[in-house]
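# Remarks on the overall topology
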Amino acid sequence: MRIVLFPAVDEARLKLIAQAAAGAEIVNAVDRAAALRALPTAEGLFGKLTPELLAVAPRLRWVQAPTASLEHYLFPELIAHPCLLSNMRGLFSDVVADHVLGFLLTFVRNLHLYRDRQRAARWEPIGGEAARTSFAVGPGIESEIDRRHRSLSECTLGVVGVGAIGSEIARRAAALGMTVRGVDPLARSVPGAIAEVWPLARLNELLSGSDFVVIAAPHTPQTERMFRRPQLEQMRSTAYLVNVGRGILVDLADLTACLDAGIIAGAALDVLETEPLPPEHPLWRRENVLITPHVAAASTLVPRRHLATLLENLRRFTRGETPLNLVDKQRWF
């Protein structure tokens, strides 16, 4: 059995790969020419596959993608090919969920606004001219300061895409007392968080009933620009949109226009339709928008998990077992 690595990996990883795939020939292809020479008799590949490489690999049975997202990996010939495809999903769920909860807490407690006031040395609560106002009105009486500081436990979270990441977001939100709802084409529940995950046909119902809407769906032909003005107009004017899925799922121009018009209260975006966002774009200067540069999955945990998944799948493949994280190539996930 021959397994090709392309691009080539470093010596430390190569040694571990050889141990995991004991008995298989490992070809660490240093360039495209080496990959082309090795693939005609290869049964497995880890790394980047192109139409050119697939065309010379008639014996290929398994491909391990190095990424979780597949919009830039899949192509028609690979989708039609009988080989198994596995990806790296499930490595980032807790990390991305941490990022999302950070966004939510920032908005409910106005932390982004207080950071701005800190830089200006302003001791002034959001929603009031003096800190003592919230204490002067008396017990049981809401002040404007109180209304501007919420708790997650009084909020409803709607999760669009209840896969590995969406499920973890839902579980953490539920543990903090949030009411959690979700829509997904396949998932039907998240134990301990969502008793009934709704089908996508109920998306508008989820949008209209949520204080926060988190997009954790992958980029597929069906999800591309699924959030345009009509969908954003279904949301509450006090609600926030959070996107940690893929930027292409949200039409950037429509989102900007809806924020300008006050159709939604704000947005937190780790991914955008245009990356990097141009410096002149107005979203940079909106105080009700949080932008992070596609780092929601960044963590020291991920590289170790990535290697562990690759090694486990190599062991499984060489033993004739089914690899982890098999992909439905027609669905792109």
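Preceding this section is the structure that the text describes.
Notes on the structure follow. Keep in mind that this is a model prediction, so the values were computed, not measured.

Analysis parameters
Residues numbered from 1 in each chain as written. Predicted model: local features only at pLDDT ≥ 70, side-chain atom pairs only at ≥ 80, totals over all residues. Heavy atoms only, no water. Phe/Tyr/Trp six-rings, centres within 6.5 Å; stacked < 30°, edge-to-face > 60°. Helix = DSSP H or I, 4+ residues; strand = E, 2+ residues; numbered from the N terminus. Buried < 20%, exposed > 50% of the residue type's maximum accessible area, 1.4 Å probe, protein only. Contact = heavy atoms within 4.5 Å. Pairing = 2+ DSSP bridges. Axes fitted to C-alpha atoms, helices over the stretch in contact; angles between N-to-C directions. Salt bridge = Lys/Arg side-chain N within 4 Å of Asp/Glu carboxyl O.

### Here we look at the packing of aromatic side chains
- Under the counting rule described, the total for this entry stands at three aromatic pairs.
- When the ring of Phe 212 is compared with that of Tyr 240, the centres are 5.5 Å apart and the planes differ by 20°; the resulting orientation is stacked. Taken together, the residues Phe 212 in strand β8 (residues 212-215) and Tyr 240 in strand β9 (residues 240-243) connect sequence positions 28 residues apart.
- With relative accessibility at 0%, the residue Phe 212 sits in the buried group.
- Linked through ring pairs, Phe 107, Phe 212 and Tyr 240 together constitute an aromatic cluster.

### Regarding the environment of Leu 252
- Positionally, Leu 252 belongs in helix α12 (residues 252-260).
- What Leu 252 contacts, discounting residues up to four positions off in sequence, is Leu 272, Glu 273, Thr 274, Leu 277, His 281 and Leu 283.

### Let's talk about the sheet that holds β8
- Taking strand neighbours across the sheet as the criterion, the six strands line up as β7-β6-β8-β9-β10-β11 in an open arrangement whose pairing is parallel. Only two strands of the sheet have a single neighbouring strand rather than two, namely β7 (179-183) and β11 (289-291). Across the sheet, the axes of successive neighbouring strands diverge by a mean angle of 15°, strand direction being ignored.
- Here three bridges tie strand β10 (residues 266-269) to β11, and the two strands are oriented parallel to one another. Following the sheet pairing, Ala 268 is matched in β11 by Leu 290.
- Across the sheet, α12 touches β9, β10 and β11, and the angle it forms with β10 is around 145°.

### Let's talk about the pattern of salt bridges
- Per the counting criterion, the structure on display carries 28 salt bridges.
- The salt bridge involving Glu 71 is made with Arg 246; its shortest N-O contact spans 2.8 Å. Here the residue Glu 71 occupies a position in the loop between β4 (62-64) and α4 (76-80), and Arg 246 occupies one in the loop between β9 and α12, the gap between them amounting to 175 residues.
- Taking the relative accessible area as the measure of exposure, Arg 246 reaches 21% and is therefore partly exposed.
- A salt bridge links Arg 316 to Glu 312; its shortest N-O distance comes to 2.9 Å. With Arg 316 and Glu 312 both in helix α13 (residues 301-318) and four residues apart, the pair spans about one turn of that helix.
- Residue Glu 312 is classed as partly exposed on the basis of its relative accessible area, which comes to 24%.

### Brief notes about the environment of Glu 52
- For Glu 52, the position within the fold is in helix α3 (residues 51-55).
- A relative accessible area of 35% places Glu 52 in the partly exposed class.
- Residues Glu 52 and Leu 36, spaced 16 residues apart in sequence, show a C-alpha to C-alpha distance of 8.4 Å.
- Those residues in contact with Glu 52 that sit more than four places away from it in its chain are Arg 32 and Leu 36.

Honestly, it's all geometry; don't read function into it.
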